[in-house]
Amino acid sequence: EPEVTQTPSHQVTQMGQEVILRCVPISNHLYFYWYRQILGQKVEFLVSFYNNEISEKSEIFDDQFSVERPDGSNFTLKIRSTKLEDSAMYFCASSEPGTLRMEQFFGPGTRLTVL
Amino acid sequence: AQSVTQLDSQVPVFEEAPVELRCNYSSSVSVYLFWYVQYPNQGLQLLLKYLSGSTLVKGINGFEAEFNKSQTSFHLRKPSVHISDTAEYFCAVSESAGNMLTFGGGTRLMVKP
């Protein structure tokens, strides 16, 4: 069964460093998303991406964040200068075109720890 | 703006007992409703969804949920739980296809032998 994959599973970085979180969405999906979950808190939407551009973003997704689909398979989230409060689990998700795109399929997440 | 409230942060229950996990939402427009499950150290897996039609929705692993528009609720139920159902359960809403999901705070279901 096709699934969303994410790498790395755990990333540790120093405050102020840049990090890139990688995701491989399901191959025929056209909508892509990033969410995050700070420990003990709810899952929060960051950004959605369709047709090579951001379609929606939350207040969390400020100038420090960017997303890219560098090739036909990867979808990345970059944090330019990490802060302590960026420590969280980051989930990538994807969905199909058409009416079925209501269901978002989630990856296993990348745990980001900022020291 | 839409929001989701899961009233119970933890629900302990004995194996083979029934369980209901509560979810209430608020939105100014019609919504689509979802329940996701997160097992330890795993991602979010869709349990079931309500898009339209019958208000009683059946999902995987014997779970079902009922959409109640007048009470703006979408409670999740299972008549008999197993130890393996121990997980975090998230209710979520979306206002349209391809749009963001707004999640509730989650309910940790703890099934005891």
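Further up the page is the structure itself.
Only a predicted model underlies this, so the values are computations on that prediction, with no experimental measurement involved. (Residues numbered from 1 in each chain as written. Chains lettered and ligands numbered in written order. Predicted model: local features only at pLDDT ≥ 70, side-chain atom pairs only at ≥ 80, totals over all residues. Heavy atoms only, no water.)

Caption draft 1: Expanded view of the nonpolar core. Residues and elements named next belong to chain B. Counting residues in hydrophobic clusters, the biggest one holds 28 residues, and the most contacted among them are Trp 35, Leu 48, Leu 76 and Tyr 89. Every element with two or more residues in this core is listed here: strand 2 (10-14), strand 3 (19-21), strand 5 (32-38), strand 6 (44-50), strand 8 (64-68), strand 9 (73-78), strand 10 (87-94) and strand 12 (107-112). It is strand 10 that provides the largest number of residues to this core, a total of four residues. (Core = buried A, V, L, I, M, F, W, Y, C linked by side-chain atoms within 4.5 Å. Buried < 20%, exposed > 50% of the residue type's maximum accessible area, 1.4 Å probe, protein only. Helix = DSSP H or I, 4+ residues; strand = E, 2+ residues; numbered from the N terminus.)

Caption draft 2: The environment of Thr5(A), seen in detail. Residues and elements named next belong to chain A. Mapping Thr 5 onto the fold places it in strand 1 (residues 5-7). A residue is classified by how much of its surface remains accessible, and Thr 5, at 33% relative accessible area, is partly exposed. With 46 residues separating them in the primary sequence, Thr 5 and Asn 51 have C-alpha atoms 20 Å apart. Apart from the residues within four sequence positions on either side, Thr 5 is in contact with Arg 22, Cys 23, Val 24 and Pro 108. (Contact = heavy atoms within 4.5 Å.)

Caption draft 3: Just the side chain of Thr76(A), in detail. Residues and elements named next belong to chain A. Assignment of secondary structure puts Thr 76 in strand 8 (residues 75-79). Judged by its relative accessible area of 8%, Thr 76 falls in the buried class. Setting aside residues no more than four positions away along its own chain, Thr 76 makes contact with Ile 20, Leu 21, Arg 22, Trp 34, Ser 66, Val 67, Glu 68 and Pro 70.

Caption draft 4: How the structure looks around the interface of chain B and chain A. Taken residue by residue, the interface counts 22 residues in chain B and 16 residues in chain A. Summing both partners gives a buried area of about 1700 Å² for chain B against chain A, and 60% of it is carried by carbon and sulfur. Put simply, chain B and chain A have one salt bridge between them. Across the salt bridge formed by Glu103(A) and Lys49(B), the nearest N and O atoms sit 3.4 Å from each other. For the interface between chain B and chain A, the tally reads five residue pairs in polar contact (both at pLDDT 80 or more). Elements represented by at least two residues in the side of chain B that touches chain A include exactly strand 5, strand 6 and strand 10 of chain B. Of the residues forming the side of chain B that touches chain A, the biggest block, four residues, is contributed by strand 5 of chain B. (Buried area = accessible area lost by both parts, 1.4 Å probe. Salt bridge = Lys/Arg side-chain N within 4 Å of Asp/Glu carboxyl O. Polar contact = N/O pair within 3.5 Å; in protein donor to acceptor, adjacent residues only side chain to side chain.)

Read these as spatial facts, not as claims about activity.
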